[in-house]
Amino acid sequence: MSAALPLPARLDTQGPRYTSYPTADRFGDGFGQTDLLRALHERKPAPLSVYVHIPFCESVCYYCACNKVITKHHERATPYLDALGTEIGLYHKALGGRQPVTQMHFGGGTPTFLSDEELTRLMGMLAEAFDYTDDAEVSIEVDPRTADPGRLAHLRRLGFNRLSFGVQDFDPDVQQAVHRVQSYESVEALIVSARELGFVSTNVDLIYGLPKQTAESFARTIAQVSALRPDRIALYAYAHLPERFKPQRRINADELPDAASRLQMLRSAIESFGEQGYDAIGMDHFALSTDSLAVAKREGRLHRNFQGYSTRPDCDLVGLGVSAIGRIGPTYSQNAKTLAEYHEAVDRAELPVIKGLWLDADDLMRRDAIMALMCRGRLEHAEIERAHGVVFAERFAAELTQMQAFVDMGLVTLEPRAIQVSPDGWNFVRAVAMVFDKYVRAPGSTARFSRIA
Ligand SMILES: C[S@@+](CC[C@H](N)C(=O)[O-])C[C@H]1O[C@@H](n2cnc3c(N)ncnc32)[C@H](O)[C@@H]1O
Ligand code: SF4
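Residues numbered from 1 in each chain as written. Chains lettered and ligands numbered in written order. Predicted model: local features only at pLDDT ≥ 70, side-chain atom pairs only at ≥ 80, totals over all residues. Heavy atoms only, no water.

**Student:** Describe the overall build of the protein, listing the residues and the values that go with them.
**Tutor:** Within the protein, the secondary structure is distributed over 15 helices and 19 strands. Taken against the 2.2 N^0.38 rule, which gives 22 Å for 453 residues, the C-alpha radius of gyration of the protein at 21 Å falls within 12% of a compact globule. Here the protein holds 453 residues, and the buried ones make up 57% of them. Residue pairs at least 24 apart in sequence account for 73% of intrachain contacts in the protein once pairs closer than 6 positions are excluded. Counting only carbon and sulfur atoms, one obtains 52% of the accessible surface of the protein, whose full area is about 18500 Å². (Helix = DSSP H or I, 4+ residues; strand = E, 2+ residues; numbered from the N terminus. Rg over C-alpha atoms; globule rule 2.2 N^0.38 Å. Buried < 20%, exposed > 50% of the residue type's maximum accessible area, 1.4 Å probe, protein only. Contact = heavy atoms within 4.5 Å. Areas by Shrake-Rupley, 256 points an atom, 1.4 Å probe, with all protein chains shown as cover.)

Now the structure itself:
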């Protein structure tokens, strides 16, 4: 990205990350178990992706926007695993038996809140209902404060082959300001051991825009992370929404870096990762140029799902656990967001879905357009025309007119039969994709999303 590029005013705004379209705030409570069972029944047989949400964390990080339950009571995991077992059984029945799985991801909260024995039990329950394909990606989010090389060895034995570590920032002042203190040495030991244990890929999560961060301090964190050589890096913009996420009220807003510093952090990170052999994959993500994600990006084979960018073609997703989101056929659905509601539904032997959506033809077409831009930075009229039977230039005349503003900023070029995002535009691709989001256009409708830069 060119260092001279000013921040266009309209990009210093808010927008969805498009891990789904329509975005989760559009899911409605008119969608329930009957709808989900119908979608499961009607789905075409194909390998599945499975997400398992473990909500517990021992202590709160003030910036956190994830669905979590803070507790030191590890015994709370037992009834939760019982409920997950019931939910897995309900899916097994609804899907008509043991299904092939190509991707399994444990997220949270903190999946490594579970003990080694509990993780073994959970993997056993999943193995009864799902059959991993030979090349399945089995990944887990690891809070470095809850793991050591011995735990990683156990995860490897259980079949996990990918790890993601929450790091956020190595600066001691920033770590204190967000109530998450962890040493560089502990993360280094984990990454070294992950490599020795034969994990296919390690990822590190970072956040810029946190309190007490400066361009200089963050540059040090970036250099430290690059030195560890994780295969992938997720660099998130801090989403400060204290009215929605209570722990964020403990962050002193005066200590947050301003928009100019945030942009400088993003720019230097992009530049520095580039110099260190990392390719920018798309919004938030970097990968060593030899990593499968970087190869897929170069070959135009990227996909996007709730876990971010993926090399795997889109497939149906079963979301297990509190607040988990699923995608089955032309539907999205979300599980109950509180443990009480989740347990109540599962105790009644019901799928704990509380809201969702059937996508109509327009949603499906716009999803294809948005994902093409988010994954390849290029949208060919012909691909939408072939898949959806419309004349692109007529159907999206208003959107093409709106695109002109991005053309003027040098972020997009409009070819006669394609929309091409420029290298500068790639860093603001969600603002470009947003043009095709019919729901986000209502005044005020972006208020719930995070800042783009
Ligand atoms: C569920 S956590 C990762 C696993 C584990 N709980 C941990 O913290 O190590 C998922 C990631 O979301 C990101 N995240 C959480 N809250 C965020 C926020 N407000 N803005 C941007 N990124 C956020 C962090 O990078 C975090 O590592
Ligand atoms: S960042 Fe991770 S450990 Fe911290 S509160 Fe959020 S989910 Fe829990």
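Moving on from the coordinates now.
**Student:** Help me get a handle on helix H14 (residues 397-408), residues and values and all.
**Tutor:** Over its 12 residues, H14 runs 18 Å from end to end, which matches the ideal 16 Å to within 8%, given 1.5 Å per residue. Residues Glu 399, Leu 400, Met 403 and Phe 406 constitute the buried set of H14. Seen along its axis, H14 keeps its buried residues to an arc of 95 degrees; they face one direction. Facing away from the buried surface of H14 by more than 90 degrees, the exposed residues are Ala 398, Thr 401 and Asp 408. Tucked into the core, H14 has its buried residues touching helix H11 (361-376), helix H13 (392-395), strand S18 (412-415), strand S19 (418-421) and helix H15 (429-433). (Expected span 1.5 Å × (residues − 1). Arc of directions from axis to C-beta.)

**Student:** Can you tell me about the site of ligand 2, naming the residues and giving the values?
**Tutor:** Around ligand 2 lies a shell formed by Cys 57, Cys 61, Tyr 63, Cys 64, Lys 68, Gly 109, Thr 110, Asp 143, Arg 145 and Arg 180. Of the residues assigned to the shell around ligand 2, the class counts are four nonpolar, two polar and four charged. (Near = heavy atom within 4 Å. Nonpolar A, V, L, I, M, F, W, Y, C, P; charged D, E, K, R; others polar.)

**Student:** Go over the domain arrangement of the protein with me, naming the residues and quoting the values.
**Tutor:** Assigned domains within the protein: domain 1 (1-18 + 360-440) and domain 2 (23-318). Relative to domain 2, the C-alpha centre of domain 1 lies at a distance of 27 Å. Between domain 1 and domain 2, the contact holds 20 residues from the first and 18 residues from the second. Carbon and sulfur atoms supply 61% of the area buried between domain 1 and domain 2, which totals about 1700 Å² over both sides. (Domains from an automatic or database assignment. Buried area = accessible area lost by both parts, 1.4 Å probe.)

**Student:** Could you give an account of unusual backbone geometry, with specific residues and numbers?
**Tutor:** Look at the link from Tyr 21 to Pro 22: it is a cis peptide, with omega at -5 degrees. Mapped onto the fold, Pro 22 is located in the segment before helix H1 (33-42). Along the chain, Gly 108 connects to Gly 109 via a cis peptide bond; the corresponding omega equals 20 degrees. Structurally, Gly 109 can be placed in the loop between strand S4 (99-108) and helix H3 (116-129). Even without a glycine there, the phi angle at Arg 229 is positive, about 55 degrees. Look at Ala 349: it is not a glycine, yet its phi comes out positive at around 60 degrees. Among the structural elements, Ala 349 can be located in the loop between helix H10 (339-347) and strand S16 (353-358).

**Student:** Let's hear about the packing of aromatic side chains: which residues, and what values?
**Tutor:** Under the counting rule described, the total for this entry stands at 15 aromatic pairs. When the ring of Phe 273 is compared with that of Tyr 278, the centres are 5.8 Å apart and the planes differ by 70 degrees; the resulting orientation is edge-to-face. Across this residue pair, the class does not change: Phe 273 and Tyr 278 are buried. Pairing Phe 396 with Phe 436 gives two aromatic rings, centres 5.2 Å apart and planes at 70 degrees, and the pair type is edge-to-face. Here the residue Phe 396 occupies a position in the loop between H13 and H14, and Phe 436 occupies one in the segment after H15, the gap between them amounting to 40 residues. (Phe/Tyr/Trp six-rings, centres within 6.5 Å; stacked < 30°, edge-to-face > 60°.)

**Student:** Describe the site of ligand 1, listing the residues and the values that go with them.
**Tutor:** What surrounds ligand 1 is a group of 20 residues, the closest being Tyr 63, Gly 109, Gln 168, Arg 180 and Asp 205. At 2.8 Å from a nitrogen atom of ligand 1 is found a main-chain nitrogen or oxygen belonging to Gly 109. Between ligand 1 and Gln 168 there is a distance of 2.7 Å, counted from an oxygen atom to a side-chain nitrogen or oxygen. Contact with the protein chains removes 91% of the 570 Å² of surface that ligand 1 exposes when unbound. Put simply, the parts of the chain that give the shell around ligand 1 at least two residues each are strand S5 (130-142), strand S6 (162-168), strand S7 (201-208) and strand S8 (232-237). Here the shell around ligand 1 is built from residues that sort into 10 nonpolar, six polar and four charged. (Polar contact = N/O pair within 3.5 Å; in protein donor to acceptor, adjacent residues only side chain to side chain.)

**Student:** Please set out the packing of helix H6 (residues 184-196) against helix H7 (residues 215-228) residue by residue, giving values where relevant.
**Tutor:** One way to put it is that H6 packs onto H7 with a least axis distance of 10 Å and a crossing angle of 25 degrees. The angle between H6 and H7 falls in the class roughly parallel. Our pair here, H6 against H7, has a crossing hand that is right-handed. Residues Tyr 184, Val 187, Glu 188, Ile 191 and Arg 195 of H6 lie in contact with H7, whose contacting residues are Gln 224, Ala 227 and Leu 228. For the contact of H6 with H7, the per-class residue count stands at five nonpolar, one polar and two charged. (Axes fitted to C-alpha atoms, helices over the stretch in contact; angles between N-to-C directions. Parallel < 35°, antiparallel > 145°, perpendicular 65-115°, else oblique. Left-handed = near helix turned anticlockwise from the far one by under 90°.)

**Student:** Requested: an account of the sheet that holds S19, with residues and values cited.
**Tutor:** Adjacent strands of a sheet form backbone hydrogen bonds with each other and so pair up, either parallel or antiparallel. Strand order in the open sheet formed by three strands is S17-S19-S18, with antiparallel pairing between adjacent strands. Looking at the sheet topology across the chains shown, the edges are occupied by strand S17 (378-380) and S18. Strand-to-strand twist of the sheet, defined as the mean angle between neighbouring strand axes without regard to direction, takes the value 10 degrees. With three bridges connecting them, S17 and S19 associate as antiparallel partners. (Pairing = 2+ DSSP bridges.)

**Student:** Give me the confidence of the model for the protein: which residues, what numbers.
**Tutor:** For the protein, the average pLDDT comes to 93, and 94% of its residues sit at 70 or higher. Note on residues 1-13: pLDDT under 50 across the span, and 33 contacts to partners over four residues away in sequence or across chains. Ignoring residues within four places in sequence, the model shows residues 443-453, a span with pLDDT below 50, making 45 contacts including any to other chains. (pLDDT = per-residue confidence, 0-100.)

**Student:** Mind laying out the pattern of salt bridges, listing which residues take part and the relevant values?
**Tutor:** One pass over the full model with this rule turns up 24 salt bridges. One salt bridge in this structure joins Arg 232 and Asp 291, with 2.8 Å as the shortest N-O distance. On the criterion of sequence distance, the pair formed by Arg 232 in strand S8 and Asp 291 in the loop between strand S10 (285-288) and helix H9 (292-298) is long-range, its members being 59 residues apart. Pair check on accessibility: Arg 232 and Asp 291 agree, each one buried. (Salt bridge = Lys/Arg side-chain N within 4 Å of Asp/Glu carboxyl O.)

**Student:** I'd like a rundown of helix H4 (residues 149-158), residues and numbers included.
**Tutor:** Those residues of H4 that sit buried are Arg 151, Leu 152, Ala 153, His 154, Leu 155 and Leu 158. Elements that come into contact with the buried residues of H4 comprise H3, S5, S6 and H6. Among the residues trailing H4, Gly 159 stands out with phi positive, at a value near 110 degrees.

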